[in-house]
Amino acid sequence: MRKPFVAGNWKMNTNGHTSVDLADRLASGSVESAGHTVTVAVFPPFVYLQAVGKALNGSSITIGAQDVYFEQDGAFTGEISVSMLKDIGCNYCLCGHSERRHVIGEKDELINKKVTAAINGGLLPILCVGELLEERKASQTNEVVTRQVKEGLAGLNDEKLAAVTIAYEPVWAIGTGLTATPQQAQEVHDFIRKLIGQMYNERLAQEIRILYGGSAKPGNAADLMSQEDVDGLLVGGASLKADDFLAIIQAAV
Ligand code: PGA
């Protein structure tokens, strides 16, 4: 019922040449048949979004931004608005990625404003949540994820929730080579889906897509996505290699 979703977060990688080269390789990869059954999006750095979008034009792969600001326009030096992203063909944006939470210092309240502004402006947000290693060790995973989901989605009605995708990314698994086991991922995904059921209703809980992220790669993609509540993957490192990312897309078909 839920269409699988494979997202590639390029983070602060690539340059003008390699971003387009990677996009070209993805566009000419065998994802066309996959495009109907799997949602595929890549999230290049802001400055390469247009060039990557152009290279992917005519393919079934869409583009998204790694972040967005919540104000519409004005004196916000360095920030990028929802309408700017829409203007250049973005469909998605990440909100509250763990590196923005833990390296840049974004808090739930700011992330909620970004999620809300994205939806109001017609951009589909992917709300990223996940616990730190010490939080997992202290058995606080559910508590942390509950706070991030509740505060991230605060004020959104049923209709607006329908625009949201959630990505569960345990911070200890991001970029570390340590992947959550399929069972660990399933446990938290199931918990998040039930939480959405309590906050909204059973229909929306069943409809919302929950992606797993954290050292996802071709070798573990199928196992992770075989879990009932894992609807796709948010891929960092492996999305920078066309062959790896294409293999992950194929695993989602
Ligand atoms: P990773 O990153 O796949 O390199 O662990 C995932 C992410 O941060 O979205």
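Everything below is about the structure shown above.
Residues numbered from 1 in each chain as written. Predicted model: local features only at pLDDT ≥ 70, side-chain atom pairs only at ≥ 80, totals over all residues. Heavy atoms only, no water.

Peer 1: How do you make sense of the packing of aromatic side chains when you look at a structure like this?
Peer 2: Within a pair of aromatic rings, the relevant descriptors are the distance that separates the centres and the angle that separates the planes. Counting across every chain of the model gives four aromatic pairs. For the ring pair Phe5 and Tyr92, a centre distance of 5.0 Å and an interplane angle of 55 degrees mean the geometry is tilted. Of this pair, Phe5 sits in strand S1 (residues 5–9) while Tyr92 sits in strand S4 (residues 92–95), placing them 87 residues apart in sequence. You'll find Phe5 and Tyr92 in the same group, each marked buried. Aromatic rings pair up to connect Tyr69, Phe70 and Phe76 into one cluster. (Phe/Tyr/Trp six-rings, centres within 6.5 Å; stacked < 30°, edge-to-face > 60°. Helix = DSSP H or I, 4+ residues; strand = E, 2+ residues; numbered from the N terminus. Buried < 20%, exposed > 50% of the residue type's maximum accessible area, 1.4 Å probe, protein only.)

Peer 1: Would you explain the sheet that holds strand S5 (residues 124–129) in this entry?
Peer 2: Picture the strands of a sheet paired through backbone hydrogen bonds; they go either parallel or antiparallel. Sheet architecture is closed into a barrel: eight strands sit in the order S1-S2-S3-S4-S5-S6-S7-S8, paired in parallel fashion. Between one strand axis and the next, the sheet turns through 25 degrees on average, direction left out of account. Relative to S4, strand S3 (residues 61–65) is paired through two bridges, and the arrangement is parallel. Opposite Gly64, over in S4, you have Tyr92 as the bridge partner. Each of S5, strand S6 (165–168) and strand S7 (209–213) touches helix H10 (residues 182–199); the most contacted strand, S7, lies at about 150 degrees to it. (Pairing = 2+ DSSP bridges. Axes fitted to C-alpha atoms, helices over the stretch in contact; angles between N-to-C directions. Contact = heavy atoms within 4.5 Å.)

Peer 1: I keep staring at the nonpolar core and nothing clicks. Help me out?
Peer 2: Inside soluble globular proteins, nonpolar side chains tend to come together where they are buried. Core analysis: the biggest nonpolar cluster contains 68 residues, and Leu26, Leu153, Ile192 and Ile196 have the highest contact counts within it. The greatest single-element share of this core, amounting to six residues, is contributed by helix H13 (residues 242–252). Setting aside residues up to four positions removed in sequence, Ile196 forms contacts with Val149, Leu153, Leu161, Ile166, Asn201, Leu204, Ala205 and Ile208. Grouped together as the second largest cluster of nonpolar side chains are eleven residues, Phe5, Ala41, Tyr92 and Cys128 included. (Core = buried A, V, L, I, M, F, W, Y, C linked by side-chain atoms within 4.5 Å.)

Geometric descriptors of this kind do not, in isolation, establish any biological role.
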